[in-house]
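Tertiary structure, described
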Amino acid sequence: MALNGKIAVVTGAVMGIGKAVTELLLQNGAKVALLDVNRIAGESLMETLKKQYGQERTLLLNCNVESDEQIKAALQKTADTFGGIDILCNNAGIMNESTWERMVSINLMGVIRVTYVALEHMSKLAGGRGGVIVNTASLAGLGPLLNCPVYTATKHGVIGFTRAMADASTASGYGIRVNALCPSFVQTDLFTNVLSILRQSSHLAAATHQMIEKFGVLNVSEVADALLELVTDDTKNGEALIVVPNERNYITFPSILK
Ligand SMILES: NC(=O)c1ccc[n+]([C@@H]2O[C@H](COP(=O)([O-])OP(=O)(O)OC[C@H]3O[C@@H](n4cnc5c(N)ncnc54)[C@H](O)[C@@H]3O)[C@@H](O)[C@H]2O)c1
Ligand SMILES: CCCCC[C@H](O)/C=C/C=C\C=C\C=C\[C@@H](O)[C@@H](O)CCCC(=O)O
């Protein structure tokens, strides 16, 4: 998929990975609707983006992915403003085991909610143009992070949902590719905040720090570049792309599961 003129929706767009994804999509000629709950950071980012990319290529929408009503309004506003939706980046997510039910509602259910509403705009069966959906999972979606079992479950769920939706799209003729992005640790507020929480539960902190040593820490640009590959490579559907520093690999799932 060539990005010039394409219309993208990014959730969790104003900080961290989502901000880097938004900027990379704009650099490649797309229009971007930024969906987020952080108004202050969003308004500050929009000032920068409008100066760099003009007034017409970005749209900031206050949207909590826990709210079906807000999601429907945001995607309708995007379609009305830009003329449709070609790309969806389900990126919004949190890491807080002490509010695990909210984390499930955002990390997994949020991906499901936004995907289902986006199908009404993107699917060729609904009069859409087709397109691509990339869900930000995690390396913790492929293997356990012992200090955050519920987070691990949400990311495993994102990958399962992604692969099932990819198969459903192919079988149904939606014309939509659906892929998962699985970064290791990334230098963002989410990562920094978790490290500070971990200090309070030292019995697991050591093991987590060993994993950080093992997998390394990515910068957000490396993650955004990997997402761009999933968006632009029309051969990718139902894939899970692992991203670690200086390396990217597509996971091969057991053939019995294909
Ligand atoms: N940082 C990492 O180590 C890492 C690694 C792998 C995957 N991930 C995943 O990447 C995604 C982005 O994480 P990040 O590290 O950039 O985090 P971040 O905290 O830097 O940014 C997350 C963004 O999502 C927004 N957000 C949070 N809850 C929301 C909601 N209910 N509705 C809408 N927006 C909401 C926040 O306001 C923020 O702008 C998450 O899904 C996370 O699980 C992060
Ligand atoms: C503590 C910060 C939370 C960040 C969450 C974010 O999604 C990042 C996750 C990054 C890496 C996850 C790694 C999971 C690894 C498991 O699959 C397991 O294989 C680890 C085994 C480690 C070892 O000792 O070999």
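Report on the accompanying structure. (Residues numbered from 1 in each chain as written. Chains lettered and ligands numbered in written order. Predicted model: local features only at pLDDT ≥ 70, side-chain atom pairs only at ≥ 80, totals over all residues. Heavy atoms only, no water.)

The next point concerns the pattern of salt bridges. Applying the stated criterion across every chain, the model contains 5 salt bridges. For the salt bridge of Lys 72 with Asp 68, the shortest nitrogen-to-oxygen distance reads 3.7 Å. In this pair, Lys 72 and Asp 68 are both assigned in helix 3 (residues 68–82), 4 residues apart and thus about one turn of the helix distant. In this structure, the salt-bridge partner of Arg 248 is Glu 229, at a minimum N-O distance of 2.8 Å. Remark: Glu 229 occurs in helix 9 (residues 220–232) and Arg 248 occurs in strand 10 (residues 247–250); sequence separation between them is 19 residues. On the accessibility criterion, Glu 229 (24% relative accessible area) is partly exposed. (Salt bridge = Lys/Arg side-chain N within 4 Å of Asp/Glu carboxyl O. Helix = DSSP H or I, 4+ residues; strand = E, 2+ residues; numbered from the N terminus. Buried < 20%, exposed > 50% of the residue type's maximum accessible area, 1.4 Å probe, protein only.)

A word on the site of ligand 2. Near ligand 2 you find 15 residues, and of these Ser 138, Gly 143, Pro 144, Tyr 151 and Lys 214 are the closest. Side-chain polar atom of Ser 138 to an oxygen atom of ligand 2: 2.6 Å apart, as the coordinates give it. In the model, an oxygen atom of ligand 2 is placed 2.6 Å from a nitrogen or oxygen of the Lys 214 side chain. Computed on the free molecule, ligand 2 has an accessible area of 670 Å², of which 78% lies beneath the protein chains in the complex. Within the shell around ligand 2, the residues separate by chemical class into 9 nonpolar, 5 polar and 1 charged. (Near = heavy atom within 4 Å. Polar contact = N/O pair within 3.5 Å; in protein donor to acceptor, adjacent residues only side chain to side chain. Areas by Shrake-Rupley, 256 points an atom, 1.4 Å probe, with all protein chains shown as cover. Nonpolar A, V, L, I, M, F, W, Y, C, P; charged D, E, K, R; others polar.)

What follows deals with the site of ligand 1. The environment of ligand 1 is formed by 28 residues, the closest being Ile 17, Asp 36, Tyr 151, Val 186 and Thr 188. For ligand 1, an oxygen atom lies 2.9 Å from a polar atom in the backbone of Ile 17. The separation between an oxygen atom of ligand 1 and a polar main-chain atom of Asn 91 is 2.9 Å. Contact with the protein chains removes 93% of the 830 Å² of surface that ligand 1 exposes when unbound. Of all the secondary-structure elements, those providing two or more residues to the shell around ligand 1 are helix 1 (16–27), helix 6 (149–172), strand 7 (185–186) and helix 7 (189–198). Tallied by class, the residues present in the shell around ligand 1 amount to 15 nonpolar, 10 polar and 3 charged.

All right, on to the packing of helix 4 (residues 100–107) against helix 5 (residues 109–122) then. Direction vectors running N to C along helix 4 and helix 5 enclose 30°, while the axes themselves pass 3 Å from each other. Comparing the axis directions of helix 4 and helix 5 gives the class roughly parallel. From helix 4, Val 104, Ser 105, Ile 106 and Asn 107 reach across to helix 5, where they touch Met 109, Gly 110, Val 111 and Arg 113. Taken together, the residues that form the contact of helix 4 with helix 5 break down as 4 nonpolar, 3 polar and 1 charged. (Axes fitted to C-alpha atoms, helices over the stretch in contact; angles between N-to-C directions. Parallel < 35°, antiparallel > 145°, perpendicular 65-115°, else oblique. Contact = heavy atoms within 4.5 Å.)

Here Thr 58 lies in strand 3 (residues 58–62). If we skip the residues at most four places from it in the chain, Thr 58 touches Leu 26, Val 32, Leu 34, Met 46, Leu 49, Lys 50 and Phe 82.

Taken together, the 8 strands give an open sheet; going across it, the order is 3-2-1-4-5-6-9-10, and neighbouring strands pair in mixed fashion. Unpaired on one side and paired on the other, strand 3 and strand 10 mark the two borders of the sheet. Averaged over neighbouring strand pairs, the angle between their axes works out to 20° when direction is ignored. As defined by bridge partners, strand 6 (residues 176–183) adjoins strand 9 (residues 240–244) across 4 bridges and the pair is classed as parallel. Bridge pairing in strand 9 places Ala 180 opposite Ala 240. Across the sheet, helix 3 is in contact with strand 1 (7–11), strand 2 (31–36) and strand 3; its angle to strand 3 comes to roughly 160°. (Pairing = 2+ DSSP bridges.)

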